[in-house]
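Here is how the chains run, residue by residue.
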Amino acid sequence: QVQFVESGGGFVQPGGSLRLSCAVSGNIARVANMGWYHRTPDNERELVARISRAHTVEYAVAVQGRFMISRDNANHTIRLQMNNLNPEDTRVYSCLAHVRLHEDTYYYDSWGQGTQVTVSS
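The following refers to the structure shown. Along each chain, numbering runs from 1 in the same order as the chain's sequence is written. Local features in a predicted model are, by the rule used here, given only for residues with pLDDT of at least 70; side-chain atom pairs are given and counted only at 80 or more, and totals for whole chains, interfaces and linings are based on all residues. Side-chain numbers here rest on the full set of heavy atoms in the structure, without hydrogens or water.

1. Considering the nonpolar core
Step number 1: Remark: nonpolar core denotes a set of buried residues (Ala, Val, Leu, Ile, Met, Phe, Trp, Tyr, Cys) joined through side-chain atoms within 4.5 Å. Relative accessibility decides the category of a residue: with a 1.4 Å probe and only protein chains considered, values under 20% of the type maximum give buried, values over 50% give exposed, and everything between is partly exposed. With 29 residues, the main nonpolar core has V24, W36 and L80 as its most contacted residues.
Step number 2: Under the DSSP-based scheme used, a helix requires at least four consecutive residues in state H or I and a strand at least two consecutive residues in state E, with every element numbered from the N terminus. At the level of secondary structure, the elements contributing two or more residues to this core comprise strand 1 (2-7), strand 3 (18-26), strand 4 (28-39), strand 5 (45-51), strand 7 (67-72), strand 8 (77-82), strand 9 (91-101) and strand 11 (115-119).
Step number 3: Here this core takes 5 residues from strand 9, the largest share from any one element.

2. Details of the state of the cysteines
Step number 1: Two cysteine sulfur atoms make up a disulfide if the distance between them is within 2.5 Å. Taken as a whole and judged by the stated rule, the model has 1 disulfide.
Step number 2: The disulfide partner of C22 is C95, and the gap between their sulfur atoms is 2.0 Å. Its S-S torsion of about -85° marks the bond between C22 and C95 as left-handed, since a negative value means left-handed. Taken together, the residues C22 in strand 3 and C95 in strand 9 connect sequence positions 73 residues apart. Both residues of the pair, C22 and C95, count as buried.

3. Side note on the side chain of S21
Step number 1: Its location among the elements puts S21 in strand 3.
Step number 2: Classification of S21 as buried rests on a relative accessible area of 16%.
Step number 3: Once residues within four sequence positions are removed from consideration, S21 is found in contact with V5, E6, S7, W36, I78 and R79. Any two residues whose heavy atoms approach within 4.5 Å are treated as being in contact.

4. Digging into unusual backbone geometry
Step number 1: Positive phi values are uncommon outside glycine, yet N43 reaches one of about 65°.
Step number 2: Mapped onto the secondary structure, N43 falls in the loop between strand 4 and strand 5.
Step number 3: Not every positive phi belongs to a glycine, and H76 is a case in point at roughly 50°.

5. Points about the packing of aromatic side chains
Step number 1: Pairing of aromatic rings covers Phe, Tyr and Trp, the last counted by its six-membered ring, and requires centre-to-centre distances within 6.5 Å; plane angles under 30 degrees mean stacked, over 60 mean edge-to-face, and any other angle means tilted. Counting across every chain of the model gives 1 aromatic pair.
Step number 2: Ring centres 5.2 Å apart and planes at 75° place the aromatic pair Y37 and W111 in the edge-to-face group. Placement of the pair is Y37 in strand 4 and W111 in strand 10 (residues 108-111), with a sequence separation of 74 residues.
Step number 3: Residue class for W111 comes out partly exposed when judged on its relative accessible area of 28%.
Step number 4: Sitting over the face of the ring of W111, R45 holds its NZ or CZ atom 3.7 Å from the ring centroid. Sitting over a ring, as applied to charges here, requires NZ of Lys or CZ of Arg to be within 6 Å of the ring centre and within 35 degrees of the ring normal.

6. What about the pattern of salt bridges?
Step number 1: In what follows, salt bridge is the name for a side-chain nitrogen of Lys or Arg lying within 4 Å of a carboxyl oxygen of Asp or Glu. The final tally for this structure, using the stated rule, is 2 salt bridges.
Step number 2: Measuring nitrogen to oxygen at the nearest pair gives 2.7 Å for the salt bridge that ties R50 to E58.
Step number 3: In this structure, D89 engages R66 in a salt bridge whose closest nitrogen and oxygen atoms are separated by 2.8 Å. Taken together, the residues span a long stretch of sequence, with D89 in the loop between strand 8 and strand 9 and R66 in the loop between strand 6 (57-59) and strand 7 at a distance of 23 residues.

This is how it looks when you write it as structure tokens:
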């Protein structure tokens, strides 16, 4: 079992900033990639930003230069600093962790419940 604690969503005016946090816990042996995703209007999950254990990062084109993802491997935590937000960033943001439990030999994707970000004047 993997537990998620996601926080930092909320309401902000255009041009404002928010910082999302995601911490995972449980019977975890190792966490590989972690990241933030949101839903498209077609209800598909779309990458916002992700980070490997080695801190290699990848961003969606729409957020490059505005968002920054960081990671604390010891605490299985990632943060997403979101700057210069605009109304198109209004979504539910969900945390993904690619984890291996102690009793398993394989990795699988585990998702948090999501946190709402609303950008509006």
